[in-house]
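The lines below spell out each chain.
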Amino acid sequence: MIVVAMVEKKRRDTATSHHWPDGVPPLSVMWLAPQLILMAFAEAFNLISLLEFYYKEFPDNMKSMSTAMFCVMAGVANYLSSASVTTVHKVTGKCDFFYYIV
């Protein structure tokens, strides 16, 4: 997450130092690729192993409950993450501080 914060800081600094009329900073989108690919692999391996663990450990009559619980937990986590980004942005005015907190 520190790499994500550093890239976000570089993106913000580039956007504020170059006053382009369309507001798009002269920074390639490929700066975002490494951390997004790394996070995608980490999340995929985590989700697969968590669901496999649930299917092995839960009794047969609770397997659908474990999948539903997993989906609800993922939704709540996304909601809390969004609320955290909004709070950090309102308090500090910068989104890159969120990645240092996480």
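Note: the structure precedes this text.
Nothing here was measured: the structure is a model prediction, and the numbers come from that model. (Residues numbered from 1 in each chain as written. Predicted model: local features only at pLDDT ≥ 70, side-chain atom pairs only at ≥ 80, totals over all residues. Heavy atoms only, no water.)

> Help me get a handle on the environment of isoleucine 2, residues and values and all.
Examined against the element boundaries, isoleucine 2 turns out to sit in helix α1 (residues 2–17). Sequence separation between isoleucine 2 and glutamine 35 is 33 residues; the distance between their C-alpha atoms is 9.9 Å. (Helix = DSSP H or I, 4+ residues; strand = E, 2+ residues; numbered from the N terminus.)

> Could you give an account of the packing of aromatic side chains, with specific residues and numbers?
The full count for this structure, using the stated rule, is three aromatic pairs. Their ring planes at 20 degrees and their centres at 6.5 Å tell us that phenylalanine 41 and phenylalanine 45 sit as a pair that is stacked. Of the two residues, phenylalanine 41 and phenylalanine 45 both sit in helix α2 (residues 33–57), four residues apart, roughly one turn of that helix. Among the residues examined, phenylalanine 45 registers a relative accessible area of 59% and is labelled exposed. Measuring from centroid to centroid gives 6.3 Å for phenylalanine 53 and tyrosine 54, while their planes differ by 45 degrees, and the two rings are tilted. A relative accessible area of 47% means that phenylalanine 53 is categorised as partly exposed. Site record: aromatic cluster; members linked through ring pairs are Phe53, Tyr54 and Phe58. (Phe/Tyr/Trp six-rings, centres within 6.5 Å; stacked < 30°, edge-to-face > 60°. Buried < 20%, exposed > 50% of the residue type's maximum accessible area, 1.4 Å probe, protein only.)

> Explain the layout of surface pockets to me, and be specific about the residues and the numbers.
Within this model, the largest pocket holds a volume of roughly 520 Å³. What lines the largest pocket is a set of 16 residues, among which Met39, Glu43, Ala77, Asn78 and Ser81 lie closest to the centre. Of all the secondary-structure elements, those providing two or more residues to the lining of the largest pocket are α2, α3 (63–92) and α4 (96–101). Class assignment of the residues belonging to the lining of the largest pocket gives a composition of 12 nonpolar, three polar and one charged. Taken as a whole, the second largest pocket encloses approximately 160 Å³ of empty space. Along the walls of the second largest pocket sit Met1, Val4, Val7, Glu8, Arg11, Leu32, Gln35, Leu36, Met39 and Tyr99, which together make up its complete lining. At the level of elements, α1 and α2 are the ones that each hand at least two residues to the lining of the second largest pocket. (1 Å grid on protein atoms, 1.4 Å probe; cavity = no way out; pocket = protein on both sides within 12 Å on 5 of 7 lines; lining within 4 Å. Points joined across faces, edges and corners; volume = space filled by probe spheres on them. Nonpolar A, V, L, I, M, F, W, Y, C, P; charged D, E, K, R; others polar.)

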